[in-house]
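# Close look at the chain arrangement
What follows is the residue order along each chain.
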Amino acid sequence: ARSFLREWMKDSPGGDSSEVPDMRELVDWDYYFTRLASTIQKIICIPAALQHVKNPCPRVTHPDWLHKMVRDKDDTFKQRKLADLFGALAAKNPN
């Protein structure tokens, strides 16, 4: 195990040469937490926010842009496009 770790890390692992190092000490946990949090955001948190559900994973924060997106989506004073107005009339009168 030590020879594999030496080759993989390009450095010799610390500790006694007869002892196998603990892998939990070698792993970059911050990197993997960030990756997992990003995936949870994409799958769970962002869709929940767009449906006005409280954040189901409070340890994973919402991205900064999400609040603006939800606010713009629900804006009651948003100006409508003329094409949307004529499209609604065409849908009512098929002639």
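## Side note on the overall build of the protein
When its secondary structure is counted, the protein shows 5 helices and 0 strands. Across the protein, helices and strands are ordered from the amino to the carboxyl terminus as α-α-α-α-α. Expressed as a percentage of contacts within the protein between residues at least 6 apart in sequence, the contacts between residues at least 24 apart total 2%. Here the protein displays about 8,600 Å² of accessible surface, and carbon together with sulfur accounts for 58% of that area.

## Some details on helix α3 (residues 29–50)
The end-to-end C-alpha separation of α3 is 30 Å, in line with the 32 Å expected for 22 residues at 1.5 Å each. Taken as a whole, α3 carries its principal kink of about 50 degrees at Gln-41. Turning to α3, its buried residues number three or more, namely Ala-37, Gln-41, Cys-45, Ile-46, Ala-48 and Ala-49. Taken together, the buried residues of α3 touch α4 (64–73).

## Notes on the state of the cysteines
Enumeration over the complete set of coordinates arrives at 0 disulfides. Just so you know, Cys-45 is unpaired, no disulfide at all, and the nearest cysteine sulfur is the one on Cys-57, 4.5 Å from it.

## Some remarks on a nonpolar patch on the surface
On the surface, Phe-4, Trp-8, Met-9 and Met-23 cluster together to form a nonpolar patch covering roughly 430 Å² of accessible area. Sorting elements by how many residues they give to the nonpolar patch places helix α1 (residues 2–9) first, with 3 residues.

## A short note on the side chain of Gln-41
One can find Gln-41 in helix α3. Residue class for Gln-41 comes out buried when judged on its relative accessible area of 18%. Apart from residues no more than four positions distant in its own chain, Gln-41 is found in contact with Ile-46, Pro-47, Val-60, Thr-61, His-62 and Pro-63.

## Re the pattern of salt bridges
In the structure shown here, the tally under the stated rule is 1 salt bridge. The salt bridge involving Asp-72 is made with Lys-68; its shortest N-O contact spans 2.9 Å. Highlighted residues: Asp-72 and Lys-68, both in helix α4, separated by 4 residues, approximately one helical turn.

## Let's talk about the packing of aromatic side chains
If you walk through the whole model with that rule in mind, you get 1 aromatic pair. Here the aromatic rings of Tyr-31 and Tyr-32 are separated by 5.0 Å at their centres, their planes lie at 80 degrees, and the arrangement is edge-to-face.

Criteria and cut-off values
- Residues numbered from 1 in each chain as written.
- Predicted model: local features only at pLDDT ≥ 70, side-chain atom pairs only at ≥ 80, totals over all residues.
- Heavy atoms only, no water.
- Helix = DSSP H or I, 4+ residues; strand = E, 2+ residues; numbered from the N terminus.
- Contact = heavy atoms within 4.5 Å.
- Areas by Shrake-Rupley, 256 points an atom, 1.4 Å probe, with all protein chains shown as cover.
- Expected span 1.5 Å × (residues − 1).
- Bend = angle between axes of the 7 residues up to and from the residue.
- Buried < 20%, exposed > 50% of the residue type's maximum accessible area, 1.4 Å probe, protein only.
- Disulfide = S-S within 2.5 Å.
- Patch = residues over 30% accessible without salt bridge, like charges linked within 9 Å, V, L, I, M, F, W, Y side chains within 5 Å.
- Salt bridge = Lys/Arg side-chain N within 4 Å of Asp/Glu carboxyl O.
- Phe/Tyr/Trp six-rings, centres within 6.5 Å; stacked < 30°, edge-to-face > 60°.

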